Amino acid sequence: MTEASDYRYRIRSAEIMPIYDSRARQTLSVTVCTADASGTGVAPAGASRGHHEAHELRDPDGGLISACAKFRQEIAPRLLGMDCRNQLGIDEALITLDSTDNRSRLGANTLIATSMGAIALAAASAGMPLWQYLAEAHEATEMCMPLPQIQILGGGAHADGRLPLQDFMVVPLGAEDWPTALSWVAEVYHAAGRLMSERGLLRGVADEGGWWPNLESSEAALDLLVLAIETAGRKPLDEIAISLDIAANQFYHDGCYHVDGEALTPHAWVEKLLRWTRRYPIRMVEDPCAEDDPVNYAAFYEGFHPKGLIVGDDLVVSNGARIRRAVKDRQINAALIKPNQVGTLTEAHEALLSCPVPIVSARSGETEDSCIVDLALGWQAPLIKVGSIARGERTAKWNRGLRIHQAHPMPLMRFPHPDNQSKL
Ligand code: PGA
Ligand code: ZN
């Protein structure tokens, strides 16, 4: 590498500003520039968080004045002159500057926006879309698009607790490609909306764009979902399977799971959930038990594995060491990878590599930023989760995938069988 070409990649400026997310809350946008290119990263925000997630820095009133000030005083000067292709060096500098275990001094939101801005700049400087820049390790001919899991009904913390379970999703595992997968899911979404509206059960949409239903129980929601899949002309399980994010942290109190008007012992709850997995075409269950109830998390695993994926989110919070431990302890065989749960892309990628089946995921608080699709594709994650197929901050992601597919047609990932994953 000549000195002249190195110069092209040198960071010349780094700026931060608050913008708004899909819940009308401020979030951070960081733009990093070389002499002739720029890259922007935006922090998403969760509403249903694991207790061990890296810390989101906000002022007492929810604002971001102190995060912006710290960026300007400490992070921007540190970045100046660094080579934007040196993601590891940039992320290590951010971690060292922060100097806390949970990123509480500078904030994981500040760090992830910076880390994402840097990689976006590196890709722009190389004249490549981000997914291609990340995928240099793979042969372009052997790449596949990640399989989407898409929310149809929203509940839990995203819909004021109207339904206890958080996400009722579908996985179009029989589709050959991304456009077909989306068209199938759009049909299911419309069918579910029509069925609920006919019965007077529709209350608008929840935080991630899924329908906000006025249903009396989780089983009523599952029945409706199966009917919607059939009404859309698809075969439940073979063509479209159900994926649930239970987000059980939200309704585990005083040693009981409070579901659909009942206070269930952990054993009774796991039995009920396993009954659902036998009765309904369910292939994925996320956070079936609370993060501080690992024994029953493992009991669910024993009943469900290897029929489907037991996905850790709040339990493992995109942390490589936590993922490895939970896999070893037979609590999970898959995990969400949410970059802002750890704070830097390097750590998120390390977590992805520790996981038998990584699912790259957005958060419930999002913007029009669509880099998460590039990450999932560039890292060749088997699955991607970004909420529903309605609301602009969600369609920005699905449409990003459509545009990539239009320019570079690729097949869709096959649904991973937990026992076939080498890292298990
Ligand atoms: P979030 O939750 O609201 O914290 O983004 C989404 C999820 O649990 O997957
Ligand atoms: Zn979750």
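Residues numbered from 1 in each chain as written. Chains lettered and ligands numbered in written order. Predicted model: local features only at pLDDT ≥ 70, side-chain atom pairs only at ≥ 80, totals over all residues. Heavy atoms only, no water.

*Asks:* Before we move on, could you go through helix α4 (residues 108-125) and cite the residues and values that matter?
*Replies:* The terminal C-alpha atoms of α4 lie 25 Å apart, and with 18 residues this matches the ideal 26 Å at 1.5 Å per residue to within 8%. For α4, the buried fraction is high: 17 of the 18 residues fall into the buried class. Two residues or fewer past α4, Gly 127 is found with a positive phi of approximately 70°. (Helix = DSSP H or I, 4+ residues; strand = E, 2+ residues; numbered from the N terminus. Expected span 1.5 Å × (residues − 1). Buried < 20%, exposed > 50% of the residue type's maximum accessible area, 1.4 Å probe, protein only.)

*Asks:* Quick rundown of the site of ligand 1? Include the residues and the values.
*Replies:* Taken together, 14 residues surround ligand 1, and among them Ala 47, His 158, Arg 363, Ser 364 and Lys 385 come closest. Within the backbone of Ser 48, a nitrogen or oxygen atom sits 2.9 Å from an oxygen atom of ligand 1. Ser 364 has a polar side-chain atom sitting 2.5 Å from an oxygen atom of ligand 1. For ligand 1, whose unbound accessible area comes to 280 Å², protein coverage reaches 99%. Classifying every residue of the shell around ligand 1 by side-chain character gives two nonpolar, five polar and seven charged. Two domains each put at least three residues into the shell around ligand 1: domain 1 (9-127) and domain 2 (147-407). (Near = heavy atom within 4 Å. Polar contact = N/O pair within 3.5 Å; in protein donor to acceptor, adjacent residues only side chain to side chain. Areas by Shrake-Rupley, 256 points an atom, 1.4 Å probe, with all protein chains shown as cover. Nonpolar A, V, L, I, M, F, W, Y, C, P; charged D, E, K, R; others polar. Domains from an automatic or database assignment.)

*Asks:* An account of the packing of helix α3 (residues 87-98) against α4 is needed here, citing residue identities and associated values.
*Replies:* Contact geometry of α3 with α4 gives a least axis separation of 10 Å together with a crossing angle of 165°. The angle between α3 and α4 falls in the class roughly antiparallel. Where α3 crosses over α4, the handedness of that crossing is right-handed. Every residue of α4 that contacts α3 at Gln 87, Ile 90, Asp 91, Leu 94 and Asp 98 is listed here: Leu 111, Thr 114, Ser 115, Ala 118 and Ile 119. (Axes fitted to C-alpha atoms, helices over the stretch in contact; angles between N-to-C directions. Parallel < 35°, antiparallel > 145°, perpendicular 65-115°, else oblique. Left-handed = near helix turned anticlockwise from the far one by under 90°. Contact = heavy atoms within 4.5 Å.)

*Asks:* Could you give an account of the coordination of the zinc ion (ligand 2), with specific residues and numbers?
*Replies:* Coordination sphere of the zinc ion (ligand 2), protein contribution only: Asp 245 (OD), Glu 286 (OE) and Asp 313 (OD), at 2.0 to 2.2 Å. Since its relative accessible area comes to 2%, Asp 313 is described here as buried. (Donors = N, O, S within 2.8 Å, 3.2 Å for Na, K, Ca; no water.)

*Asks:* If you had to explain the nonpolar core to someone new, which residues and values would you point to?
*Replies:* The biggest cluster of nonpolar side chains holds 143 residues, and the ones touching the most others in it are Ile 152 and Trp 269. Counting residues per element, this core draws most heavily on helix α6 (residues 178-198), at 12 residues. Split by domain, the residues of this core number at least three in each of domain 1 (9-127) and domain 2 (147-407). The residues contacting Trp 269, other than those within four sequence positions of it, are Leu 165, Ile 246, Phe 251, Tyr 257, Val 259, Leu 264, Trp 276, Pro 288 and Cys 289. (Core = buried A, V, L, I, M, F, W, Y, C linked by side-chain atoms within 4.5 Å.)

*Asks:* Which residues make up the pattern of salt bridges, and what are the values?
*Replies:* The tally for this structure, following the rule as stated, stands at 22 salt bridges. For Arg 85, the salt bridge identified is with Asp 6, shortest N-O distance 3.3 Å. Pair noted here: Arg 85 is in the loop between α2 (65-79) and α3 and Asp 6 is in helix α1 (residues 3-8), with a separation of 79 residues, a long-range link. We classify Asp 6 as partly exposed; its relative accessible area is 23%. (Salt bridge = Lys/Arg side-chain N within 4 Å of Asp/Glu carboxyl O.)

From the geometry alone we can't say anything about function, so treat these as descriptive.
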